[in-house]
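Here is how the chains run, residue by residue.
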Amino acid sequence: MRAIALKIYGSANAVDHTEGIFQSIGYKEFADLDLSQDDPTKDPRFPAMVALSKQRTQQYAKSQLKWVRKQLLPAVREARSMGGEVEVFAVPGGETGEAPARAILNGE
């Protein structure tokens, strides 16, 4: 994965890894994986890298839901109370259907 920095900046070491693509989930977890090998999944560290990536993805999703509940929905409710026509669309994730989106909108 350090090959990304090498390709973009010409060096993997003199790069500010605190912004941009380097902050995406998965980059840090797989940064030391040697992609030049025939099958990177055979690396003994690969299962731990996948597990950590999944854990950080779940943490990020949880923080997004918290932001929606504490910031976005109150702003939507306030705008509606002032006569604004505000619509919120939710794309089903793990649980499909309209019910989960309605429950969030209704503050349940």
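Residues numbered from 1 in each chain as written. Predicted model: local features only at pLDDT ≥ 70, side-chain atom pairs only at ≥ 80, totals over all residues. Heavy atoms only, no water.

Trainee: When you look at the overall build of the chain in this model, what are you seeing that I'm missing?
Mentor: Scanning the chain from terminus to terminus reveals four helices and zero strands. In the chain, the succession of α and β elements from N to C terminus is α-α-α-α. Considering only contacts in the chain between residues 6 or more positions apart, those separated by 24 or more positions represent 37%. By element, 55% of the accessible surface of the chain is carried by carbon and sulfur atoms, the whole surface being about 8,400 Å². (Helix = DSSP H or I, 4+ residues; strand = E, 2+ residues; numbered from the N terminus. Contact = heavy atoms within 4.5 Å. Areas by Shrake-Rupley, 256 points an atom, 1.4 Å probe, with all protein chains shown as cover.)

Trainee: Quick question: what am I supposed to make of the packing of aromatic side chains here?
Mentor: Two aromatic rings, taken as a pair, are described by how far apart their centres are and by the angle between their planes. In this structure the tally under the stated criterion is one aromatic pair. Seen from their ring centres, Phe30 and Phe46 are 5.7 Å apart, and the 55 degrees between their planes marks the pair as tilted. With Phe30 in helix 2 (residues 27–30) and Phe46 in helix 3 (residues 46–81), this pair connects stretches of sequence that are 16 residues apart. (Phe/Tyr/Trp six-rings, centres within 6.5 Å; stacked < 30°, edge-to-face > 60°.)

Trainee: Sorry, what's going on with helix 3 here?
Mentor: Every α-helix carries 3.6 residues per turn, so stepping three or four residues along brings you back to the same face. An ideal rise of 1.5 Å per residue puts 52 Å on 36 residues; helix 3 measures up with 51 Å between its terminal C-alpha atoms. The largest bend in helix 3 comes to about 40 degrees, at Val68. Those residues of helix 3 lying buried are Met49, Ser53, Leu73 and Val76. (Expected span 1.5 Å × (residues − 1). Bend = angle between axes of the 7 residues up to and from the residue. Buried < 20%, exposed > 50% of the residue type's maximum accessible area, 1.4 Å probe, protein only.)

Trainee: What is the right way to look at the pattern of salt bridges in this model?
Mentor: Pairs can form between side chains of opposite charge whenever their charged atoms are close. All chains considered together, the criterion is met by three salt bridges. As a salt-bridge pair, Lys42 and Asp39 come within 3.9 Å of each other at their nearest N and O atoms. A salt bridge links Arg45 to Asp43, with the shortest nitrogen-to-oxygen separation between them at 3.0 Å. (Salt bridge = Lys/Arg side-chain N within 4 Å of Asp/Glu carboxyl O.)

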